[in-house]
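Below, each chain spelled out in residue letters.
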Amino acid sequence: MTKSKMSQLVIRLWWIVFSITLIAVAVNMFMAPHEIAAGGLTGLAIILESATEGAIDRSISVWIGNGIVVIATLIFLGREVFVNTVIGALLLPVAINFVPNHTLVQDRMLAMVVGSVIFGVAVSILYKNRASSGGTAIPPLILQKYTGLKPSIGLFVTDGAVVIFSLYVFDVDSFFFAILSIFITMVVMGYIENGMSKKKRVHIISKQSDAIVADVMKELGKSVTTIPTVGSYQNEQMPMLMVTMDSGDYRKLKEIVDKHDKQAFMVTDVVSDVHGRGFTYGSGSV
């Protein structure tokens, strides 16, 4: 293994350990103290610990559950997925046992929100590093392989079963807190995956297109795509400009357009992801 690959592996392992620790913090300091079992194996462990009045420690439940999941991963999903799962699956119960069981926030709603955000950030880091903490993330992948069921649906079913099971142990308030927690976690994960890389795509129709293009390239360092268009009202041919940029450059673009043509027609879209020169690799503009 080269020095570069070794360095990448060490960094990846560090992020996995960090994210697993965050999950343990979310469970031990925010969720479990307020009896919020927001799906997943950790949620099931919280339920079992409460149902047995502490006789079954949550870390033991996670050990056993993840052990079963790891074996199933190797059998049904193959070696590559197994390797990416086993590290997080083995570290999670250790982290849950290591992180103190402490009620950090007394307000139940605030604890649920903060815990859900932390949980969502942690899982997103794991996914970015092609890893997971095991648990209920694996059965949906197995179902997808053999039945074609979408992982999102499979995850909803497995986590939903855990939340419903919590009704037999906790009160109705805990049930709805768990549902809200799952929703917040999904929103956080969606924002981290897509929202942080959002760009603006702007279409401009103006009689001063040449001047606008020149200033955009000079002041923003962005190239502009010119698309021939025909207006249906007067059947007039006119170029439509398309430029993609970071949100921070949008105000400057409007100033450039207004300087040359205050009657220019602009349509702005928010795009979740942009790949290509100037955005995802190298230098220059798109």
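Everything quoted here is computed from the prediction, not taken from an experiment. (Residues numbered from 1 in each chain as written. Predicted model: local features only at pLDDT ≥ 70, side-chain atom pairs only at ≥ 80, totals over all residues. Heavy atoms only, no water.)

*Asks:* In this structure, what is going on with the environment of I256? I would like to understand it.
*Replies:* Tracing the sequence through the fold places I256 in helix α10 (residues 250-260). Through-space distance from the C-alpha of I256 to that of R12 is 43 Å; in sequence the pair is 244 residues apart. Excluding residues that lie within four positions of it along the chain, I256 makes contacts with I212, D215, V216, E219 and L220. (Helix = DSSP H or I, 4+ residues; strand = E, 2+ residues; numbered from the N terminus. Contact = heavy atoms within 4.5 Å.)

*Asks:* Whenever I open this one, the packing of helix α1 (residues 3-31) against helix α5 (residues 108-128) confuses me. Can you help?
*Replies:* To characterise two packed helices, one gives the angle between the axes of the helices and the distance between these axes. Contact geometry of α1 with α5 gives a least axis separation of 8 Å together with a crossing angle of 160°. Put simply, α1 runs roughly antiparallel to α5. Here α1 and α5 pass one another in a crossing that is left-handed. Contacts between α1 and α5 involve W15, I16, F18, S19, I20, L22, I23, A26, F30 and M31 on the former and, on the latter, A111, M112, V114, G115, S116, I118, F119, V121, A122, V123, I125 and L126. (Axes fitted to C-alpha atoms, helices over the stretch in contact; angles between N-to-C directions. Parallel < 35°, antiparallel > 145°, perpendicular 65-115°, else oblique. Left-handed = near helix turned anticlockwise from the far one by under 90°.)

*Asks:* Whenever I open this one, the sheet that holds strand β3 (residues 236-245) confuses me. Can you help?
*Replies:* Strand pairing in a sheet relies on backbone hydrogen bonds, with the paired strands running either antiparallel or parallel. Taken together, four strands build an open sheet; the order of strands is β2-β3-β1-β4 and the sheet is antiparallel. Edge positions in the sheet fall to β2 (225-231) and β4 (265-271), since each has one partner strand and no second. Neighbour-to-neighbour, the strand axes of this sheet turn through a mean angle of 25°, independent of strand direction. Both β2 and β3 contribute to a ladder of seven bridges, which runs antiparallel. Directly across from P228, in β3, lies its bridge partner P239. (Pairing = 2+ DSSP bridges.)

*Asks:* Whenever I open this one, the pairing of strand β1 (residues 199-205) confuses me. Can you help?
*Replies:* A regular strand carries its side chains on alternate faces of the sheet. Burial analysis of β1 places five of its seven residues in the buried class, which makes it a mostly covered element. Of the pairings in the sheet, the one linking β1 to β4 comprises seven bridges and is antiparallel in character. Bridged to V202 within β4 is T268. Judged from the six bridges that link them, β1 and β3 form a sheet pairing that is antiparallel. Counted as the bridge partner of V202 is V243 from β3. (Buried < 20%, exposed > 50% of the residue type's maximum accessible area, 1.4 Å probe, protein only.)

*Asks:* How should a nonpolar patch on the surface be read in this particular structure?
*Replies:* Together, I56, I60, W63, I64, I68, L90 and V94 give the surface a local cluster of nonpolar side chains, amounting to about 640 Å² of exposed area. Examining the composition of the nonpolar patch, we find that four residues originate from one element, helix α3 (residues 58-76), more than from any other. Here L90 lies in helix α4 (residues 79-98). (Patch = residues over 30% accessible without salt bridge, like charges linked within 9 Å, V, L, I, M, F, W, Y side chains within 5 Å. Areas by Shrake-Rupley, 256 points an atom, 1.4 Å probe, with all protein chains shown as cover. Salt bridge = Lys/Arg side-chain N within 4 Å of Asp/Glu carboxyl O.)

*Asks:* I keep staring at the nonpolar core and nothing clicks. Help me out?
*Replies:* Among soluble globular proteins, nonpolar side chains are generally buried collectively. Among the nonpolar cores identified, the biggest contains 41 residues, and I20, I23 and F30 are the most heavily contacted of them. Put simply, the parts of the chain that give this core at least two residues each are α1, α2 (40-51), α4, α5, α7 (151-166) and α8 (172-193). Element by element, the count of residues in this core is highest for α1, at 11 residues. Excluding residues that lie within four positions of it along the chain, I23 makes contacts with L92, F119, A122, V123, L126 and S133. V213, V216, Y250 and A264 belong to the second-largest nonpolar core, a separate cluster that totals 15 residues. (Core = buried A, V, L, I, M, F, W, Y, C linked by side-chain atoms within 4.5 Å.)

By themselves, these are just geometric observations and shouldn't be taken as functional.
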